[in-house]
Amino acid sequence: MELNVIWFILIAVLFTGFFFLEGFDYGVGTLLPFISPNDDERTQVLRTIAPVWDGNEVWMITAGGALFAAFPHVYATMFSTFYLALFLMLVALILRGVAFELRGRHPSICWRRFWDGAICFGSAVPAFLWGVAVTDLIQGLPINEKMIYTGGFLDLLTPYSIVGGLTFLLVFLVHGAAFLTQRLTNIGLIKKAQQWAQRAGAFAIIAFVFCLLMTLIKTDLFQSCIGGTALLAAGVFFILGYRQMFRAHYQSSFILSSLTIVATTLAFFAGLFPRLMVSSLNPAWSLTIHNAASTPYTLGIMTMAAAVLVPIVLIYQGWTYWIFRQRISPKDCEETH
Amino acid sequence: MDALLLSRWQFAITTTYHFLFVPITLGLSIFVALLETCFVMTKRPHWKAASKRLVRFFGTIFLINFALGVVTGIVQEFHFGMNWSEYSRFMGDIFGAPLALEALTAFFLESTFLGIWVFGWNKLSEKLHCACIWIVAIGSNLSAFWILVANSFMQHPAGFAIENGRAVMTDFLALVTNPYVCGEYSHALFAGISTGGFVVLAISAWKLLHDEASRYAFTQSLKGGAIFMAIGLLGVMGSGHMHTQYLATANPMKLSSIEALWETADPAPFAIAADVNMEKSRNDAEIAVPGVFSFMLYNKPSGEVRGINAIQKEYQTKYGPGDYRPDVPALFWSFRIMVGAGGFMLLLALGTALLSWKGRILSFPLLLKILPFLLPLPFLANSTGWFITEAGRQPWIVVGLQRTAEAISPNLTACSVWLTLIGFTVLYLLLILAALYIAFRHIKNTTIPDEGRDL
């Protein structure tokens, strides 16, 4: 297979991992201030993602680095296009990262409430913005023949991209709530997570359906057989997961929300292929795996590196989840670190 | 100010912030790993108890610092595309590879194993737990290696060709084994060790004076910190010396600007102080020691060093008309501040190490009292050091290949850069204050009781 195609697939894999893993981090973080007024319970909720969120975030950083290495033009155009949106996302991620570290280090309720708010903001904003970015990319942006974005910040916010942003946020909320049902021992908290999954799930289904219809109208995603099938499958998975949540079949519900995210990411990349950024001005000006790529030499070096390193990363990240496989009990949160 | 100048300010400010935390991460990770190794290996029960609590104590400082280092680091990765998209296009074939490798080899490693280390105290054996912090230390230092591989290319390109107006990689090994990497990386690594050591030193000194109950533990950490720091500083000086000699061939313009040497000289003098006049391309006044600059470069009191004016002329014939001189007075003074701070820190480290070794440190309360106030020194040296490196390659973003002015994202408006520049600066400042508050509180409130000593 051609190296450019391999790298397109690898970047798709990195984004899939990122959306699946950080998806529940974003969901749990956004729910944090709403799920319980009780500080001990919030601490338990946070503990479910505390050991792993940072490792999960590296999936995004690696995806960014991989884009830079394999498709530098995409990296250059995408990051300068989304300049202010990325600034907002960075502010959110900075606040979230620091909040995780500082929140538990002071006993004052006021202090903790503040950082809970920061975690909520720092999780919800990236979730929403990634939805905006994904829909913008598949819909197409005014990119000229020199691969330079000619629009402004507000051109990034179309009705379709806002629906996309909301869909991402709501799906991640449900995914996070489903994750919590798998990671806690406190029955009361599990019930609350279930309620939030149901509430957010209803809105998420509406948003998803809207997003699906607009994708059909606004984009050419359904011209790709895999893309269309995957997106429809994602919708089906999500509705099934919603039903399982009502029946309190938590585990299958979490698996189904995970499948939803995987299938949506797959649909997005299959719909894009072989493009990475679509130009709305002229299809010939789109950035593709060929006109935006690095040289075969660099791609070759990076392919060898990825072939060795990615499996190793998967093994030790898997090991982390194995070490922390036990559910978080209230007792776990008493020991300070 | 236009988007270009603002973007340069933004990169300078956010990197300087970022590099307040990075050296602590590089050095303190190794220090905590050494401490935990003591804990695992020792057979003496009291030292075992105290060292475990010291690991947790300095581990907390490390974690708070690490969090700030990580979040400010993400900004830097995004920056290249956001503000410097034409740089990313021109350089992507070369620059992207070390960045991606940094994420794959280092970021995953440090973040994953740090999570295990923090929450795995009761889930792993002592040895396995200790291995985790060593992996974090290796990961952090590996990430410094890759980013300095990328940076070294900007200072002194190697293993590349120009195709269709873009720089492309022709030899990955030449990129990684660029001699510039060796100087930059060893210098940064030892600077990290010195900085981490000074953090330990300053905190331990403060605890010794203000917390009598914890005296045993912090006498130990003071001794260890001082030795660690002294090793770091000796390394910094050795690698700095080596790298300066290498600059004579790799980047003579930067070297002569650091010394404000305008005219070619043999033997070249070393100016201790100078009134530099950029417009007239000379020093209006200077205090100089003859022959010392030549001696620094060639280990003998003679040898030609080319002056800024000669190199400027050569560059004009090579690259066309233009001013190829960096900001000479700023480089000149930054270098003197860096070296002065380093030399002073070495004296402090050696003095503290010697006194601790003889068990007489508590008889010198004045030294203990001033150490915490001198903590800004390593940060001053680190920042001026980076300033020399980065300002010293101007007007180039990649020396000889691309100018800084050509690298900016063309669709950027001054208005949006103002917004982000102010946003980052204020946000970082507030978060540093919050982190310092928590760190001080932790230092003040944590005691490590003296449970008797081992004979």
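Residues numbered from 1 in each chain as written. Chains lettered and ligands numbered in written order. Predicted model: local features only at pLDDT ≥ 70, side-chain atom pairs only at ≥ 80, totals over all residues. Heavy atoms only, no water.

**Remarks on the overall build of chain B**
Counting its secondary structure elements, chain B contains 14 helices and 6 strands. Its C-alpha atoms give chain B a radius of gyration of 23 Å, near enough to 23 Å, the size a compact globule of 455 residues would have. Across its three principal directions, the C-alpha atoms of chain B cover 75 × 50 × 40 Å. Every one of the 455 residues in chain B was classed for burial, and the buried ones make up 61%. In chain B, the share of contacts with a sequence separation of at least 24, taken over all contacts with a separation of at least 6, comes to 78%. Of the roughly 17600 Å² of accessible surface on chain B, a fraction of 68% belongs to carbon and sulfur atoms. Here chain B holds 31 positive side-chain charges and 29 negative ones, and the gap between their average locations is 11 Å. (Helix = DSSP H or I, 4+ residues; strand = E, 2+ residues; numbered from the N terminus. Rg over C-alpha atoms; globule rule 2.2 N^0.38 Å. Buried < 20%, exposed > 50% of the residue type's maximum accessible area, 1.4 Å probe, protein only. Contact = heavy atoms within 4.5 Å. Areas by Shrake-Rupley, 256 points an atom, 1.4 Å probe, with all protein chains shown as cover. Lys, Arg positive; Asp, Glu negative; His and termini not counted. Charge placed at Lys NZ, Arg CZ, Asp CG, Glu CD.)

**Structural notes on unusual backbone geometry**
For the bond from Phe273(A) to Pro274(A), the omega torsion is 0°, close enough to zero to count as cis. Looking at where Pro274(A) falls in the secondary structure, it is placed in the loop between α10 (250-272) and β1 (275-277). The linkage connecting Asp266(B) with the following residue, Pro267(B), adopts the cis geometry, with an omega of -5°. Considering the arrangement of structural elements, one finds Pro267(B) in the loop between α8 (252-258) and β3 (270-277). Here the phi dihedral of Ala248(A) falls at roughly 60°; this positive angle occurs in a residue that is not glycine.

**Looking at the interface of chain B and chain A**
Residue-level contacts link 72 residues of chain B with 68 residues of chain A. Summing both sides of the interface, chain B and chain A together bury roughly 6200 Å²; the carbon and sulfur share of this comes to 75%. Three residues, Arg89(B), Phe108(B) and Phe119(B), lead the burial of chain B against chain A; their summed loss comes to 13% of the area buried on that side. One can count 0 salt bridges joining chain B with chain A. Remark: the boundary between chain B and chain A carries 19 residue pairs in polar contact (both at pLDDT 80 or more). Those elements that provide at least two residues to the side of chain B that touches chain A are α2 (45-82), α3 (85-119), β2 (166-169) and α14 (414-445) of chain B. Ranked by residue count, the leading element in the side of chain B that touches chain A is α3(B), at 25 residues. Split into classes, the residues belonging to the side of chain B that touches chain A amount to 43 nonpolar, 20 polar and 9 charged. (Buried area = accessible area lost by both parts, 1.4 Å probe. Salt bridge = Lys/Arg side-chain N within 4 Å of Asp/Glu carboxyl O. Polar contact = N/O pair within 3.5 Å; in protein donor to acceptor, adjacent residues only side chain to side chain. Nonpolar A, V, L, I, M, F, W, Y, C, P; charged D, E, K, R; others polar.)

**Things to note about the UniProt feature "transmembrane region" (unreviewed entry) in chain A**
Residue and element names in this part refer to chain A. Feature annotation in UniProt places "transmembrane region" (unreviewed entry) on residues 6-35, 82-102, 114-133, 153-175, 196-215, 221-242, 254-277 and 297-319, given in this structure's numbering. Within the segment residues 114-133, helix and strand shares are 100% and 0% respectively, and the terminal C-alpha atoms sit 28 Å apart. Along residues 297-319 the backbone is 100% helical and 0% strand, and the end-to-end C-alpha distance reaches 34 Å. (UniProt positions renumbered as here; feature names shortened; annotations may be inferred.)

**Some points on helix α1 (residues 3-41) of chain B**
Since one α-helical turn is 3.6 residues long, residues separated by three or four positions face the same way. Taking 1.5 Å per residue as the helical rise, α1(B) with its 39 residues ought to reach 57 Å, and the 56 Å between its terminal C-alpha atoms agrees with that figure. The largest bend in α1(B) is about 25°, located at Phe19(B), with the proline Pro23(B) one to four residues further on. (Expected span 1.5 Å × (residues − 1). Bend = angle between axes of the 7 residues up to and from the residue.)

**Some remarks on empty space enclosed by the protein**
Residues and elements named next belong to chain A. Applying the stated criterion to the full structure yields 10 cavities of 30 Å³ or more. Each pocket or cavity is described by its volume, and for the largest cavity that value is around 290 Å³. Lining the largest cavity are 21 residues, and of these Val134, Phe168, Cys211, Leu231 and Thr264 sit closest to its centre. Within the residue set of the lining of the largest cavity, elements represented by two or more residues are α6 (109-139), α7 (159-183), α8 (187-218) and α10. At 6 residues, α10 tops the list of elements feeding residues into the lining of the largest cavity. Split into classes, the residues belonging to the lining of the largest cavity amount to 15 nonpolar, 6 polar and no charged. Empty space within the second largest cavity amounts to approximately 160 Å³. Lining the second largest cavity are 14 residues, with Met78, Phe79, Leu86, Met89 and Trp130 sitting closest to its centre. Counted by class, the lining of the second largest cavity contains 13 nonpolar, 1 polar and no charged residues. (1 Å grid on protein atoms, 1.4 Å probe; cavity = no way out; pocket = protein on both sides within 12 Å on 5 of 7 lines; lining within 4 Å. Points joined across faces, edges and corners; volume = space filled by probe spheres on them.)

**Focus: the pattern of salt bridges**
Scanning the model with the defined rule gives 18 salt bridges over all chains in all. Across the pair Arg96(A) and Glu57(A) runs a salt bridge whose closest N-O atoms are separated by 3.0 Å. Here the residue Arg96(A) occupies a position in helix α5 (residues 83-102), and Glu57(A) occupies one in helix α3 (residues 53-70), the gap between them amounting to 39 residues. Look at Arg96(A) and you get buried, because its relative accessible area is 0%. Arg393(B) is the salt-bridge partner of Glu390(B), the closest N and O atoms lying 2.4 Å from each other. By relative accessible area, Arg393(B) is classed as buried at 7%. One salt-bridge network, held together by shared partners, links Asp39(A), Arg42(A), Arg103(A), Arg112(A) and Asp116(A).

**A look at the pairing of strand β1 (residues 160-163) of chain B**
Sheet topology places β1(B) next to β2(B); 4 bridges connect them, and they run antiparallel. The partner of Ile162(B) across the bridge, within β2(B), is Ala167(B). (Pairing = 2+ DSSP bridges.)

**A closer look at the state of the cysteines**
Following the criterion strictly, the structure yields 0 disulfides over all chains and no others. Free cysteine: Cys211(A), not disulfide-bonded; nearest cysteine sulfur from Cys225(A) at 20 Å. For Cys211(A), a relative accessible area of 12% puts it in the buried group. Of all cysteine sulfurs in the structure, the one in Cys130(B) sits closest to Cys38(B), which takes part in no disulfide; the separation is 9.3 Å. (Disulfide = S-S within 2.5 Å.)

**Some details on the environment of His290(A)**
Residue and element names in this part refer to chain A. For His290, the location among the structural elements is in the loop between β2 (287-288) and α11 (296-323). Assessed through its relative accessible area of 47%, His290 is described here as partly exposed. Considered as a pair, His290 and Val13 are 277 residues apart in the sequence and their alpha carbons are 19 Å apart. Contact partners of His290, with chain neighbours within four places excluded, come to Glu2 and Asn4. Looking at His290, its side chain comes within polar contact range of the side chain of Glu2, at 3.0 Å.

**Comments concerning the domain arrangement of chain B**
All names here are of chain B. Per the domain assignment, the segments of chain B are domain 1 (3-250 + 327-445) and domain 2 (252-325). At the junction of the two partners, domain 1 supplies 26 residues and domain 2 supplies 24 residues. With both chains or domains summed, domain 1 and domain 2 bury close to 2100 Å², and 66% of this area falls on carbon and sulfur atoms. Together, Val328, Phe332 and Arg336 form the three largest contributors to the area buried by domain 1 at its contact with domain 2, with a combined 26%. One can count 1 salt bridge joining domain 1 with domain 2. Among the salt bridges present, the one from Glu259 reaches Arg336, with a minimum N-O distance of 2.6 Å. Taken together, the links from domain 1 to domain 2 amount to 11 residue pairs in polar contact (both at pLDDT 80 or more). Where the side of domain 1 that touches domain 2 is concerned, the elements lending two or more residues are α7 (215-250), α11 (328-357) and α13 (376-391). Split into classes, the residues belonging to the side of domain 1 that touches domain 2 amount to 13 nonpolar, 9 polar and 4 charged. (Domains from an automatic or database assignment.)

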